Amino acid sequence: MSLKRYFLRRALFASPLVFIIITINYILVNLAPGDPVLYIAGTEYVSPEYLQRLRQEYGLDKPVWERYLVYIYKVIQLDLGY
């Protein structure tokens, strides 16, 4: 078996595993308690309008499935955030 064929075969077998790991990571982050917008905004009083604007900015106002698709799209582009 050639080296090229070996690496192609290993990559094809690894792809589902990487997809499963990405999905588990997404689920665990979304199951974490607390509101990430409140964490970003800080402990001082903030207006509800500001919180809503932060949710829109970070895409947290969208449904979970839509955020998951955006997450997968960004991971494929190697945009892993900061």
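Please refer to the structure placed before this passage.
Reading the values: rules and limits
Residues numbered from 1 in each chain as written. Predicted model: local features only at pLDDT ≥ 70, side-chain atom pairs only at ≥ 80, totals over all residues. Heavy atoms only, no water. Helix = DSSP H or I, 4+ residues; strand = E, 2+ residues; numbered from the N terminus. Rg over C-alpha atoms; globule rule 2.2 N^0.38 Å. Buried < 20%, exposed > 50% of the residue type's maximum accessible area, 1.4 Å probe, protein only. Phe/Tyr/Trp six-rings, centres within 6.5 Å; stacked < 30°, edge-to-face > 60°. Polar contact = N/O pair within 3.5 Å; in protein donor to acceptor, adjacent residues only side chain to side chain. Expected span 1.5 Å × (residues − 1). Arc of directions from axis to C-beta.

Undergrad: Break down the overall build of the chain for me, citing the residues and quoting the values.
TA: Helix and strand counts for the chain come out as four helices and zero strands. Going residue by residue from the N terminus, the α and β elements of the chain occur as α-α-α-α. Computed over the C-alpha atoms, the radius of gyration of the chain is 18 Å, more than 25% above the 12 Å expected from 2.2 N^0.38 for a compact globule of 82 residues. Projecting the C-alpha coordinates of the chain onto the three principal axes gives extents of approximately 65 × 20 × 20 Å. In the chain, buried positions account for 16% of the 82 residues.

Undergrad: How would you summarise unusual backbone geometry if you had to cite specific residues and measurements?
TA: Positive phi, close to 65 degrees, is recorded for Leu78, a residue that is not glycine. Position of Leu78 among the secondary structure elements: in the segment after helix 4 (64-76).

Undergrad: How would you explain the packing of aromatic side chains if you had to name every residue and give the values?
TA: Throughout the structure, instances matching the rule amount to three aromatic pairs. A centroid spacing of 5.4 Å and a plane angle of 35 degrees characterise the contact between Tyr26 and Tyr71, whose relative ring orientation is tilted. Of this pair, Tyr26 sits in helix 1 (residues 3-31) while Tyr71 is found in helix 4, placing the two residues 45 residues apart along the sequence. With relative accessibility at 25%, the residue Tyr71 sits in the partly exposed group. Linked through ring pairs, Tyr26, Tyr68 and Tyr71 together constitute an aromatic cluster.

Undergrad: Outline the side chain of Thr23, listing residues and values.
TA: For Thr23, the location among the structural elements is in helix 1. Within the local environment of Thr23, its side chain forms a polar contact with the backbone oxygen of Phe19, the two atoms lying 2.9 Å apart.

Undergrad: Can you tell me about helix 4, naming the residues and giving the values?
TA: Think of an α-helix as turning once every 3.6 residues; residues three or four places apart then point the same way. The first and last C-alpha atoms of helix 4 sit 18 Å apart over 13 residues, in line with the 18 Å expected at 1.5 Å per residue. Taken together, the buried positions of helix 4 are occupied by Arg67, Tyr68, Ile72 and Val75. Buried residues in helix 4, looked at end-on, bunch into an arc of 140 degrees, giving them a common side. Exposed and oriented more than 90 degrees from the buried face of helix 4 are Leu69, Tyr73 and Ile76. Backbone geometry just after helix 4 places Leu78 at a positive phi near 65 degrees.

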